[in-house]
Amino acid sequence: MSTPNTPDLMQKIVSLCKRRGFVFQSSEIYGGLKSAYDYGPLGAELKRNIMTEWWKDMVHGRENVVGIDASIIMHPRVWEASGHLSGFSDPLVDCKVCKERFRADKAPRAEPGQALTLTYADKGAAKVAEELIAKQFEVTLTRDGKDLKGAVAGDRGYVCPVCGSPFLSDERQFNLMFKSSIGPVDPLGAVAAAIEAGTLGGLTGRELRSAIEEITKPTAVYLRPETAQAMFVQFLNVQQSMSMKVPFGIAQMGKSFRNEITVEHFIFRSCEFEQMEMEFFCEPGTDDEWMDFWCKARMEWWQRYANEPGKFRFRAHDKSELAHYAKGCFDIEYDYPWGWGELEGIANRTDYDLKKHAQYSGAKIDYFDPTTQKRFVPYVIEPAAGATRGLLVYLIDAYHEEEVNGETRVVLRFHPRLAPIKVAVLPLVKKEGMPEIARDLVNAFLKRGINAKYDEQHAIGKRYRRHDEIGTPWCLTVDGESATDGTVTLRDRDTMEQRRISIAGAVDEIEALLRA
């Protein structure tokens, strides 16, 4: 059995996701929205199962971690304190040749004066680019098939990530937060009234923008770009209401929104996504120890549900990469079909966030240790994972192809606890009492809280293949002997081995396999 880690793997996964109801393009009948996706029946189950396993491990499995579910819209001062309003922006650049818009800080690097090869989709696109460059920039390049040679890198130190062009626009700052308004007053009405009154007369450019922002500021709110800030803001309420003693953690799962410049690789990067974050508050001086603890714990969790644990690794951030507030940060990376990329970040945020919120709110945010009689502002270790990115990782990890009797069998080898459907119950034929036995068995699973599916469509072999492709770990087949001897055939997804088990003990058996 093998995973085809090739460029077309993502095409196969995207196709399977739509065909089998995992992920759909949002608003598809209207042409779709590039940065948004909807999770279908199986995708919703898979994502819910991943998040449930995370919550069980991070909250229910620990006495010193509790959870919250905070509002998506928070007071705007929260984002002033956190630095998001002033600094949560990326340098945005347009390629003047292929028109790609990208983040300058993520672009391929190129030394000034370095010889470059620009590559396009085909010969025709290369010819159009050659003519555009000659006309607009008065630079003559040599065309070799779909490649253009003879260009050199400028002083920017980077090139277009799509075609490799050094012909770029100036960098512009692009705010990543979605802005909205709250309350019955329409902010556009206030702007219109200011124009009618002439108070904006004579203003242009930055001055005009600042004046309009001042008018709309009283009603401005933002969709949260991360779940973390609510856990800092609610530190005192959680600590006091639950009598928590440092060290302790606050966990939260939920949606965040970022007006991403580049959306790429299917659901890897999108404007709306779900996070699984925890802020662990500890005494300064113990933070290095806890950083090590959470790095190991989080890596072990991701590998626990994977077929190929060797495809996960740590990457330490260089000093130049660290956020201004961070003492240190490690990414848990996964080997995606396009290369290594981030899955989760574990950061030592020090006491930066709590102190900033104390400064901006005027509240006294600290902790008094009754044992040592010491008062201090806790340091924070933050494991922050993406649930939607985790879903993509486990889809890639699960996808396998193998030859069976001269045909290609596609199977999603999900860990059973992550699988959308745990067991399928299949009557061999739609008569002789088999459907009734199968439906009774499905109901018995559902009453026990195990997601089971009744399936009677098509030949039994096709049904097995269908459930292989959606990752169902076990199939139970009701046949002619079931009514007489009280048994069914249990088929394993990965090995395809079959054995007879009793109908009366079927639910207990599957339940035991799920606990294994």
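Okay, so let's go over this structure. Please read these numbers as outputs of a predicted model, since none were measured by experiment. (Residues numbered from 1 in each chain as written. Predicted model: local features only at pLDDT ≥ 70, side-chain atom pairs only at ≥ 80, totals over all residues. Heavy atoms only, no water.)

## With respect to the overall build of the protein
When you go through the protein residue by residue, the secondary structure sums to 16 helices and 26 strands. Judged by the C-alpha coordinates and their principal axes, the protein covers about 90 × 75 × 50 Å. Counting contacts in the protein only where the partners sit at least 6 residues apart, residues at least 24 apart contribute 68% of the total. A total of about 25,300 Å² of accessible surface is found on the protein, and carbon and sulfur atoms cover 51% of it. Put simply, the protein has 67 plus and 75 minus side-chain charges, and the middle of one group is 2 Å from the middle of the other. (Helix = DSSP H or I, 4+ residues; strand = E, 2+ residues; numbered from the N terminus. Contact = heavy atoms within 4.5 Å. Areas by Shrake-Rupley, 256 points an atom, 1.4 Å probe, with all protein chains shown as cover. Lys, Arg positive; Asp, Glu negative; His and termini not counted. Charge placed at Lys NZ, Arg CZ, Asp CG, Glu CD.)

## Thoughts on the packing of helix α2 (residues 41-60) against helix α10 (residues 287-304)
Axis separation between α2 and α10 bottoms out at 12 Å; the angle between their running directions is 145°. The two elements α2 and α10 meet at a crossing, and its hand is right-handed. Of α10, the residues touching α2 (which contributes Ile50, Glu53, Trp54, Asp57 and Met58) are Trp294, Arg298, Trp301 and Arg304. (Axes fitted to C-alpha atoms, helices over the stretch in contact; angles between N-to-C directions. Left-handed = near helix turned anticlockwise from the far one by under 90°.)

## Regarding the packing of aromatic side chains
Tallying each qualifying case throughout the model produces 23 aromatic pairs. Ring centres 5.0 Å apart and planes at 80° place the aromatic pair Phe268 and Tyr336 in the edge-to-face group. With Phe268 in the loop between β12 (248-257) and β13 (272-282) and Tyr336 in strand β15 (residues 328-336), this residue pair connects regions lying 68 residues apart in the sequence. Accessibility assignment for this pair places Phe268 and Tyr336 in one class, buried. (Phe/Tyr/Trp six-rings, centres within 6.5 Å; stacked < 30°, edge-to-face > 60°. Buried < 20%, exposed > 50% of the residue type's maximum accessible area, 1.4 Å probe, protein only.)

## Section: the environment of Ala512
Here Ala512 lies in helix α16 (residues 506-515). Each C-alpha atom of the pair Ala512 and Ile396 lies 27 Å from the other, and the pair is 116 residues apart in sequence.

## Notes on a nonpolar patch on the surface
Taken together, the side chains of Ile72, Ile73 and Ile182 present a nonpolar region at the surface, about 230 Å² in accessible area. Structurally, the position occupied by Ile73 is in the loop between β3 (65-67) and α3 (76-82). (Patch = residues over 30% accessible without salt bridge, like charges linked within 9 Å, V, L, I, M, F, W, Y side chains within 5 Å. Salt bridge = Lys/Arg side-chain N within 4 Å of Asp/Glu carboxyl O.)

## Some details on the sheet that holds strand β14 (residues 312-316)
Read across the sheet, seven strands follow the order β3-β12-β13-β19-β16-β15-β14 without closing on themselves; strand pairing throughout is mixed. Where the open sheet ends on each side, the last strands, each with one partner, are β3 and β14. Strand-to-strand twist of the sheet, defined as the mean angle between neighbouring strand axes without regard to direction, takes the value 25°. The sheet contacts of helix α12 (residues 387-398) involve β13, β14, β15, β16 (339-350) and β19 (379-386), and relative to β15 the element is tilted by about 35°. (Pairing = 2+ DSSP bridges.)

## A few points about the nonpolar core
One finds Phe22, Trp294, Trp302, Phe312 and Leu395 to be the most contacted residues of the largest nonpolar core, which totals 59 residues. With 27 residues, the next largest nonpolar core counts Ala220, Val246, Phe248 and Ile365 among its residues. (Core = buried A, V, L, I, M, F, W, Y, C linked by side-chain atoms within 4.5 Å.)

## Focus: the pairing of strand β21 (residues 407-412)
Pairing geometry for strand β20 (residues 399-404) and β21, over six bridges, is antiparallel. Bridge pairing in β21 links Glu403 to Thr408.

## Brief notes about the environment of Glu213
Within the secondary structure, Glu213 sits in helix α7 (residues 205-216). Glu213 sits in the partly exposed class, given a relative accessible area of 36%. Considering only alpha carbons, one finds Glu213 and Ile365, 152 residues apart in sequence, at a separation of 31 Å.

## Points about helix α5 (residues 123-137)
For α5, with 15 residues, the first-to-last C-alpha span of 21 Å sits near the 21 Å given by 1.5 Å per residue. For α5, the complete set of buried residues consists of Ala126, Ala129 and Ile133. Angularly, the buried residues of α5 cover 60° about the axis, an arc narrow enough to put them on a single face. Turned more than 90 degrees away from the buried face of α5, the exposed residues are Val128 and Lys135. As for α5, its buried residues are in contact with β6 (115-119), β7 (142-144) and β8 (147-152). Taking the backbone nitrogen of Gly124 as reference, a side-chain oxygen 3.1 Å away marks Asp122 as the first, capping residue of α5. Trailing α5 by a residue or two, Glu138 shows a phi angle of about 55°, which is positive. (Expected span 1.5 Å × (residues − 1). Arc of directions from axis to C-beta. Polar contact = N/O pair within 3.5 Å; in protein donor to acceptor, adjacent residues only side chain to side chain.)

## With respect to the pattern of salt bridges
All chains considered together, the criterion is met by 41 salt bridges. In this structure, Arg19 and Glu469 form a salt bridge, with 2.5 Å as the shortest nitrogen-oxygen distance. Here Glu469 lies in helix α14 (residues 460-470) and Arg19 lies in helix α1 (residues 9-19), a separation of 450 residues in the sequence. For Arg19, a relative accessible area of 47% gives the class partly exposed. As a salt-bridge pair, Lys47 and Glu274 come within 2.3 Å of each other at their nearest N and O atoms. Within this pair, whereas Lys47 is found in helix α2, its partner Glu274 is found in strand β13, the two being separated by 227 residues in sequence. Classification of Lys47 by relative accessible area gives buried; the value is 12%. Through salt bridges with shared partners, one network takes in Glu402, Arg409, Arg465, Asp468 and Arg491.

## Topic: the packing of helix α6 (residues 187-197) against α7
Where α6 contacts α7, the axes come no closer than 9 Å and their chain directions differ by 130°. It follows from the interaxial angle that α6 and α7 lie oblique. As α6 runs across α7, the sense of the crossing is right-handed. Note on element contacts: α7 touches α6 through Ile212, Ile215 and Thr216, opposite Pro187, Ala190, Val191 and Ala194. Per-class residue counts for the contact of α6 with α7 are six nonpolar, one polar and no charged. (Parallel < 35°, antiparallel > 145°, perpendicular 65-115°, else oblique. Nonpolar A, V, L, I, M, F, W, Y, C, P; charged D, E, K, R; others polar.)

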